[in-house]
Amino acid sequence: MAASAFPTSSSSSSHPNWTYDVFLSFRGSDTRKNFTDHLYFALIDAGIKTFKDDNELQRGEDITPELLSAIERSKISIIVFSENYAASRWCLDELVNIMECRKTVNQLVLPIFYYVKPLEVRNQVGSFAEAFLKHENRYLLDIDKVLRWRKALIEAANLFGWDLENTADGHEGQFIREIVEVVSRELNSTNLYVTLYPVGIDSRVQDITSLLRVGADDVRMVGIWGMAGIGKTTISKAIYNQFFHSFEGKSFLANISETFKQPNGQVRLQQQLLFDILKTVKIKVNNVDRGITMIQERLHSRRVLVILDDVDHLEQLKIIARSHDCHDWFGPGSRIIITTRDEQLLKVLEVDGVYAAKEMSENESLELLSWHAFRNSYPTKDFMELSRSVVAYSGGLPLALEVLGSFLFSRSMQDWEDTLEKLKRIPNDEIQTKLRISFDALSDSTQKDIFLDISCFFIGMHKDYVTQILNACGLFANIGISVLIQRCLLSVSVRNKLIMHDLLRDMGREIVREEYPKMPGKRSRLWLHEDAFNILANHEGTEAVEGLTLKFSTLREVNFSTRAFIRMRRLRLLQLDHVQLTGDYEHLSKELRWLRWHRFPQKFMPNNFYSRNLVAIDLRYSNLKQVWKNSEQLFEKLKFLNLSHSQYLTQTPNFARLPNLEKLILKDCTSLFEVHQSIGDLNNLVLVNLKDCRALKSMPRSFYRLKSLQTFILSGCSKFDNLSDELGEMGESLTTFLADNTAIRQVPWTIVQLKNLKHLSLCGCKGSLSKSLPSLFWSWISPWKSPKSLNLLPASLNGLNALTELCLGDCNLSGDAIPYDLGSLRSLQYLDLENNHFHCLPSSLGGLLKLENLLLNGCTKLRSISDLPPNLDFLNATNCTALERMPNMSNMSKMKFLSLSNCKKLEEIPGLNKLLVPFIDIQMLGCSNLTNTFKQSILQEWSLSKFDVHLGIWLPGNDIPNRFTYSDEGPIVCFEVPHIIDSNIEWFTVCIAFSVPPDKKAVIGYPYNRIKVVNNTKNRTEIFSTPVNNYRTLITCDEGDHLWQTNFPNGNFNLEAGDKVVVTASVGDGVVVKKIGVRLIHCRVIDEKMIYYASTFNKDAIVVTKNEDQVAVKSERGLGDDIAESSHGCFDHEREAKRLRCDDYSERIIEED
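The structure displayed is predicted, hence computed values, not measured ones.

Participant: I tried to follow the pattern of salt bridges on my own but got confused; where do I start?
Facilitator: Pairs may arise between side chains of opposite charge once their charged atoms sit close together. A full pass over the atoms with the stated rule returns 37 salt bridges. For R436, the salt bridge goes to E514, with nearest N and O atoms at 3.3 Å. One end of the pair, R436, is in helix α21 (residues 429-440); the other, E514, is in the loop between α25 (502-513) and β13 (525-526), with 78 residues separating them in the sequence. Salt-bridge contacts for D577 lead to R596; the nearest nitrogen and oxygen are separated by 2.8 Å. With D577 in strand β16 (residues 573-577) and R596 in strand β18 (residues 594-596), the pair connects residues that are 19 residues apart, well separated along the chain. Classification of D577 by relative accessible area gives buried; the value is 4%.

What follows is the structure, encoded as structure tokens:
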């Protein structure tokens, strides 16, 4: 959290009261009596209040307080770089203070290059080099001063300014006139008001800055895209404030969509654009066509910044900034920024970049809410849990946080609780009004119906599944869902599940509730439990009802009469979980497209149930024994049938009644022993999931005739042992075959004919007959008659050219059981060989150029790994207890995760210390034979490698290395951040020595490992306990002493000089943290190179950047004063850690449902 003071931001619109318009910095002996004098009086004549120091002869060694105050109180600083500017220590000190004011008070800095080239200033060559040679000799004991001067010159030379030799043909009079015009224009410009509390703005501005590339000569158009209320306009204002000084003209056209609709609105927008940039009231636009011509004619040579806020139709841009013609409309270097809720609009415009506006993080949300509700950066203690509830409800939407925070300001806890309870049923009107703009802008009723159906019934369901259902309702869902996604009303997860922001969901449901606020039976959709229950119990449903959901827990089953549905003749969508219906099923609507009925109570589907329009039936956990009994019903439109977990189901239906079935899901139907032979006649079938059908032994031969099947899942069918040789006939269609833990002893050779197969998993298929009862019997009685062991796979896999994933874990594979031509699988990305019995890997393994993940854990006979694929990202060889040798890894530049724990014979990994930069996690716990030289080498390199994300390095060991500046016994260390001149803390390294008690095992890693950093000076607490990119690492750790070392970018913590900090570590339950150490890594730019160095105990800091000579960097004071004593109570008022919410880890599996 930020400090408990008003939040600061470079994007904020606050400024001091200026005393001067312009401060002139110049070298008197060069320009006092000529150029600077002329410029000064030209500014004065233009009415610009200008400060020019005329007391050079009285100057001493240090800059005077009066001059410093003049710099700080000037809105603009003009620096006149001339031949001898750098020779003046006074000028250089002025420059340093000017550049500091540019950062702290948003002062505009304009450099003028007077008969010197910008390159000379930037690189300090020519006369500037001569001047600095003298400075460095004079300030040998204060080299920091010289470094500050150099840095200021570099920064100033990179700013927009004027070069006399390349402007106005060197005519000083015309040159000065141009300068005065620009200064006058800038003084007439004001920053836009951004927001009262600019929490999180700067990071988003930084993201967009990389897309804008301000300074390049091309014309770029960039879009900011996001849902209503997410802060698009706020971000664009901050961008405007940061960059408008770099352009000759600028315009912020707000709320274009509304203005465009107003009378004469199009002409007003054109006129406003021209006026903002040309600054003249003489412009008159008579009509739209004339306005387009005027924009092209008057702006085509000007470098401009134009922000077009809230655009929702292409026509709104055609009159202002056409994408294909923008190079003709605006001058080189121009930037056009568009904010919109419609992604498709940006695609049509072919913009140069799109920034998807991000929801606020939990920390940012809590801070923004706190500023509005408590006028502080953190909630008061009593309101913490209530505040977290409001944050959770708001879902990271700034609009909701601001509205609710302001509403709850100074209210009691009871008011907070009542408000939260009300929000569960009726959303806040102010928030809804803003969000509803996107819904109202949808072009037709089908798109609105799709939004309302999804918000009430289908959130979290697979996109393809929902699309088929809604298409069957006549809603054109393919294009409709696409439009909703482009308009930020809907999104899709990485697993293709439909996701909707909670507030948008509530908006959709509120739109339905408002149809008849007090008469639920007349609403189009019923999702609220109480409403649906009452309507079924009291028979209050009407023809208006199109969708109804009623769910009970497994502990309660409720009876209703089917007569409750008589008047619901338009019912399309029905969900009943743990509900019983009594009566005639013919009363159910004939318009039903979707029936989800978990715990369906009947043994058979009723014969008089109208089924012809059903597209999806989901009867999971049903009591069905057979799907139908003596019924001739035809489900001609049915595409999805899910009867998973129906424990009594013994056989599938006759599929002749389901001619258009596409997906059959029968997971965990433990009594199922027969699949009807008619399955081979389903020409549209793409998925069959029979996972954990433990009674099933085989599939009918007709099954292998299917030409459309893409996914076939048999995993867990423990009796399934008959895989037909006709499997190869599915070669054109089958892409996924999962048969883990089945009784399959040998895969038919025809599998290589599956040329489109991408995923093959046979984990737990032992292959050999040696464990079967007949085999054991013959081996006892007549060893020479025992059946011969079979290899699970054919000798060659040549032909599986599309295979990306091969899983053969725990398959009793010895060396000869692995196909010799494994390297021929040129598309393979994931290979699982864990828990097998081979001594070495095939020599062809290194030829798998696309392999990213290799699992070898538990291969206890594996002795060496001679070669690894060059693009490997993840290697797990944990518990390879015989492993002695690893290949040289210095060229494995893409590897991020390496797990070698409990490889007890391993001594070192050649080349690993040269390859630490890309790594996120290295696990080598229990590698008791590692040499001390190897361990110290990788620990040192790890601490000096800059990481954006990380988990750490885990090694055997019992003490913190001496290089850690701050250390203490136990899990806590306290220190004060030292002040090192002209440097920043880039990251810091934490090392923890911990132990597991004898005869114990501990599970450590995420989520058990936690680093808490409390900045008492800034009253801020951060906790690190987050998986990286959804990678959750859990490590089983044996008894003994271990080390964990990890790095943290300072951007997460903002540690600065003078901050008093407490770092606390925990590793896991039952684990004792014996010692903790912290090492700060600073950075500085020297000769345009980023130099990294660590704080040390002595007076200096040592540069540690690799491949550079060491450089001593002087500290303002000895760092020895900052070493924490062995006391855990060194700072008071430690704040309690905030709980961070992490997304659940999504396992790497194939979607089954």
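There's more to say after this.
Participant: Help me understand the sheet that holds strand β34 (residues 972-976) in this model?
Facilitator: Where strands meet in a sheet, backbone hydrogen bonds hold them as pairs that are either parallel or antiparallel. Ordered in space as β34-β41-β37-β38, the four strands form an open sheet in which the pairing is antiparallel. Edge positions in the sheet fall to β34 and β38 (1020-1024), since each of these pairs with one other strand and no more. Neighbouring strand axes in the sheet, compared pairwise and without regard to direction, differ in orientation by 15° on average. Two elements, strand β37 (residues 1010-1015) and β38, share five bridges in a ladder whose sense is antiparallel. Note on β38: the bridge partner recorded for V1013 is E1022.

Participant: What is the right way to look at the pairing of strand β14 (residues 547-551) in this model?
Facilitator: One face of the sheet, then the other: side chains in a regular strand alternate in exactly this way. With four of five residues buried, β14 lies mostly within the body of the structure. Where β13 and β14 come together, two bridges link them in parallel fashion. From the neighbouring strand, R525 faces β14, where its bridge partner is G547. Read from β13 through helix α26 (residues 529-538) to β14, the crossover connection turns out right-handed.

Participant: Whenever I open this one, the sheet that holds strand β6 (residues 220-225) confuses me. Can you help?
Facilitator: Spatial strand order, β7-β8-β9-β6-β10: five strands in an open sheet with parallel pairing. Edge positions in the open sheet fall to β7 (249-253) and β10 (353-356), since each of these has one partner strand only. Taking each pair of neighbouring strands and ignoring which way they run, the sheet shows an average axis angle of 15°. In the sheet, strand β8 (residues 304-308) pairs with strand β9 (residues 335-340) via four bridges, with the strands oriented parallel. Within β9, the residue paired with L305 across the bridge is R335. Packed onto the sheet, helix α12 (residues 265-278) meets β7 and β8 and runs at close to 145° relative to β7.

Participant: Just to check I follow, could you spell out the packing of helix α22 (residues 445-458) against helix α23 (residues 463-472) for this structure?
Facilitator: When two helices pack together, their arrangement is given by the angle between the helix axes and the distance between those axes. Between α22 and α23, whose axes approach to 12 Å, the crossing angle comes to 125°. Taken together, α22 and α23 sit at an angle that is classed as oblique. Crossing hand, α22 versus α23: right-handed. Along its contact with α22, which presents I450, D453, I454 and F458, the element α23 presents V466, I469 and L470. Class assignment for the residues of the contact of α22 with α23 results in six nonpolar, no polar and one charged.

Thresholds, definitions, all that
Residues numbered from 1 in each chain as written. Predicted model: local features only at pLDDT ≥ 70, side-chain atom pairs only at ≥ 80, totals over all residues. Heavy atoms only, no water. Salt bridge = Lys/Arg side-chain N within 4 Å of Asp/Glu carboxyl O. Helix = DSSP H or I, 4+ residues; strand = E, 2+ residues; numbered from the N terminus. Buried < 20%, exposed > 50% of the residue type's maximum accessible area, 1.4 Å probe, protein only. Pairing = 2+ DSSP bridges. Axes fitted to C-alpha atoms, helices over the stretch in contact; angles between N-to-C directions. Right-handed = clockwise from strand over helix to strand, strands pointing away. Contact = heavy atoms within 4.5 Å. Parallel < 35°, antiparallel > 145°, perpendicular 65-115°, else oblique. Left-handed = near helix turned anticlockwise from the far one by under 90°. Nonpolar A, V, L, I, M, F, W, Y, C, P; charged D, E, K, R; others polar.

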